[in-house]
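This is what each chain is made of:
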Amino acid sequence: MASVTEAEPEGVARIVALDLARTAALAGMVIYHFTFDLALFGYVPPATAITGGWALFAKLVAGSFLFLAGVSLWLAHGRGMRWPAFWRRLGMVTGAAVLITAATYVAMPQSFIYFGILHSIAACSLIGLAFLRLPAPVTLAVAVAVFLLPQYVRFDALNAPWFWWTGLGTYWAPTLDYEPVFPWLAPFLAGLALARGLDLSGRLPRPRVPGPVARRLAWPGRHSLIIYLVHQPVLIAGLWLVTQAIR
C-alpha cells in the first residue's frame, strides 16, 4: 500500500528501514482487520473494531501508510521526476482502488468503499507533486493546516457524492473505509517533508543490501499492494472455514 513499486531482485540495495516500516504497517493492518472480521463472524462484540482503542489503532495504521507513501514520493522523485515510474505506480494504485470499490460494492453495497486508503494514496500522490520543490517547513505547515481544517470548516455544498473525497462536507454515506483528502493529506505531506529534510541535510539512511534476517522481515514491505489486496479474502475465508468446522 505504502509502496506500489515493481518487485526488485533479491540483493538490490534499498533503504531497509523503510521496508521494515512498511512491514510493521502491514502487520498492524492485518491485526486490525482480523479483529474486524472476528466481529463480523460474531466472535467478539459487533462494535469492537470501530470504538475505543481499536478505532484509534485503525487511524494510526492508516496514517502510517500515508506517511510512508509521502516518504516514498520524495525518495522516488525528489531529486528529479521519473514520469514513467510515477504514472505506472499511480495506475497500479488507482486500478487497485477501483477493484476494491467494485468488490465491496458487490459484497456490501450499503457500506462499500468509495474513498478508502488506496483512493487517498492516489489522490495525495498527485497533490504531493506540488510540494516536491517546496521547503520542508512550508510543507509541514500545510500538513498542520490540512489536519486542523476539517475540525473548523465544513460546507453543506460539499455533501454531494462527487465531493466526498474532500472530507469537508457535513454528510457522507456510511462506508467501510474512509480517508478523504482532509485531513488524510496531512500525514502524507508530513512524510514527504521529513524525507526531504533528512535527504537534503544528508541524514537520510543510505540504501544497502540487507542481511538474510532483515531481508525476510522486509519482504512484505516490498510487496505491500498485493498483500493489501489478498489479506482480507484470506482472513475471511479462514474464519469461514473455522466457523463451518465448529458448527
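Thresholds, definitions, all that
Residues numbered from 1 in each chain as written. Predicted model: local features only at pLDDT ≥ 70, side-chain atom pairs only at ≥ 80, totals over all residues. Heavy atoms only, no water. Salt bridge = Lys/Arg side-chain N within 4 Å of Asp/Glu carboxyl O. Helix = DSSP H or I, 4+ residues; strand = E, 2+ residues; numbered from the N terminus. Buried < 20%, exposed > 50% of the residue type's maximum accessible area, 1.4 Å probe, protein only. Expected span 1.5 Å × (residues − 1). Bend = angle between axes of the 7 residues up to and from the residue. Contact = heavy atoms within 4.5 Å.

Chemist: Mind laying out the pattern of salt bridges, listing which residues take part and the relevant values?
Modeler: Tallying each qualifying case throughout the model produces three salt bridges. Among the ionic pairs, D19 bridges to R22, the shortest N-O distance being 2.9 Å. On the criterion of helical spacing, the pair formed by D19 and R22 is a turn pair, its members being three residues apart in helix α1 (residues 16-40). Given a relative accessible area of 3%, D19 falls into the buried group. A relative accessible area of 5% means that R22 is categorised as buried. Of the charged contacts, one joins R206 and D199 as a salt bridge, the two residues approaching to 3.6 Å between their closest N and O atoms. Where salt bridges share partners, they join R79, D199 and R206 into one cluster.

Chemist: For helix α8 (residues 224-246), give the residues involved together with the corresponding values.
Modeler: Along its 23 residues, α8 runs 33 Å from first to last C-alpha, staying within 8% of the 33 Å computed at 1.5 Å per residue. For α8, the principal kink sits at V230 and spans about 35 degrees; a proline, P233, occurs within the next four residues. Along α8, the residues that are buried comprise S224, L225, I227, Y228, H231, Q232, L235, L239 and T243. Looking at the buried side of α8, the elements it contacts are α1, α3 (83-107), α4 (117-128) and α7 (212-222).

Function-wise, these values are silent; they only describe arrangement.
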